[in-house]
Amino acid sequence: MAKARSLISRALMLSVFCAHEAGAAGAGPEDYAAERAEMVSRQIADRGVSDERVLAAMRKVPRHEFVPDSEKRTAYRDTPLPIGESQTISQPYIVALMTELARPEKNHRVLEVGTGSGYQAAVLAEIVDHVYSIEIEPTLARTASDVLQRLGYDNVTVRSGDGYLGWAEHAPFDAIVITAAPDHVPEPLIGQLKPGGRMVVPVGPIASTQQLRVLEKNAAGKVTSTVVAPVRFVPLRRRDD
Ligand code: SAH
């Protein structure tokens, strides 16, 4: 009897903890879907991102799973968030915009440089066949890879390394998305872009003057570049920095 009572009180305690945790996070798991829907309509669709596949991916990927516990409460806010190692997960709108600009298709193979939390890779992976993602910081590469695996994204491959050099073994890529800012477009990455492919890259030596660019390589291999918007990204570092 005493044992039964203690089991009951344990169960009660657990449920109190769960309720408290959900309260502390500002929402339970179901509410995150509501927060995501709200994020997509207010922060993303209202600002002009209209590709339905991108909007659906943003509605689906659980952003809160890609941020540290201390940030879960704020995961769906209109802002970048710290993910450790002095790095950040980009603002949701920027992730959606870069995904749309890459014009991802179901049969595409995409390279991402700057895995960070793994969130952008997951959004791309909802749309394309396979995402290869490179992260220079080994701790982040490991954490992102674990989260992606846990969530079932088996079409994302993460490795630690200097993304400036791309991933020759899996090139050429239909699209390349760079989520850290180099001061010039990396030559090896232009080489690894398929004819007809697109690269989305923030370029600029200082955060205050970076520009988001789209590079297109035509069938003949000629590359043109368009400036889309001013942006602020962490700098692309080199291995020997
Ligand atoms: N796409 C990420 C956010 C990226 S923040 C997300 O969805 O969370 C930029 C990331 O680029 C950081 O994690 C940083 O460590 C990484 N980075 C910087 N220089 C790099 C390089 N040369 N190669 C690969 N990753 C790099």
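Model, not experiment: these values are computed from the prediction.

All right, on to the nonpolar core then. By size, the foremost hydrophobic cluster in this structure holds 50 residues, and its most contacted members are Ile44, Met58, Phe66, Tyr119 and Val156. Here this core gets seven residues from one element, more than from any other, and that element is helix H4 (residues 92–101). Ignoring sequence-local partners within four residues, the contact set of Val156 consists of Ala121, Ala125, His130, Val131 and Leu148.

By secondary structure assignment, the location of Arg59 is in helix H3 (residues 52–60). Sequence-wise, Arg59 and Tyr32 are 27 residues apart; in three dimensions their C-alpha atoms are separated by 10.0 Å. Other than its neighbours up to four places away in sequence, Arg59 contacts Arg36, Ala37, Val40 and Glu52.

Right, let's get into the site of the ligand. The full set close to the ligand counts 24 residues, and Ser117, Glu135, Asp162, Gly163 and Arg237 are the nearest of them. Ile136 is positioned with one of its backbone polar atoms (N or O) 3.1 Å from a nitrogen atom of the ligand. With respect to the ligand, the side chain of Asp162 contributes an N or O atom lying 2.9 Å from a nitrogen atom. In the complex, 99% of the free accessible area of the ligand, which totals 590 Å², lies under the protein chains. Sorting the residues of the shell around the ligand by element identifies strand E2 (87–89), strand E3 (109–113), helix H5 (119–125) and strand E4 (130–135) as the ones contributing at least two each.

What follows concerns the packing of aromatic side chains. Under the defined criterion, the tally for this structure stands at four aromatic pairs. Taking the centre distance of 5.7 Å and the plane angle of 40 degrees together, the rings of Tyr32 and Tyr76 count as tilted. Of the two residues, Tyr32 sits in helix H2 (residues 29–45) while Tyr76 sits in the loop between H3 and strand E1 (81–84), which places them 44 residues apart along the sequence. Here Tyr32 and Tyr76 have matching classes, each one buried. Residues Phe66 and Tyr119 carry aromatic rings whose centres are separated by 5.8 Å and whose planes lie at 65 degrees to one another, so their mutual orientation is edge-to-face. Here Phe66, found in the loop between H3 and E1, pairs with Tyr119, found in helix H5; they are 53 residues apart in sequence, far enough to count as distant. For Tyr119, a relative accessible area of 0% corresponds to the buried category. A network of ring pairs unites the aromatic residues Tyr132, Trp167 and Phe173 as a single cluster. Positioned above the aromatic ring of Tyr119 is the side chain of Arg63, whose terminal nitrogen or guanidinium carbon lies 5.0 Å from the ring centre. Over the ring of Tyr164 we find Arg238, and its NZ or CZ is 3.8 Å from the ring centre.

What counts, and where the lines are drawn
Residues numbered from 1 in each chain as written. Predicted model: local features only at pLDDT ≥ 70, side-chain atom pairs only at ≥ 80, totals over all residues. Heavy atoms only, no water. Core = buried A, V, L, I, M, F, W, Y, C linked by side-chain atoms within 4.5 Å. Buried < 20%, exposed > 50% of the residue type's maximum accessible area, 1.4 Å probe, protein only. Helix = DSSP H or I, 4+ residues; strand = E, 2+ residues; numbered from the N terminus. Contact = heavy atoms within 4.5 Å. Near = heavy atom within 4 Å. Polar contact = N/O pair within 3.5 Å; in protein donor to acceptor, adjacent residues only side chain to side chain. Areas by Shrake-Rupley, 256 points an atom, 1.4 Å probe, with all protein chains shown as cover. Phe/Tyr/Trp six-rings, centres within 6.5 Å; stacked < 30°, edge-to-face > 60°. Lys NZ or Arg CZ within 6 Å of the ring centre and 35° of its normal.

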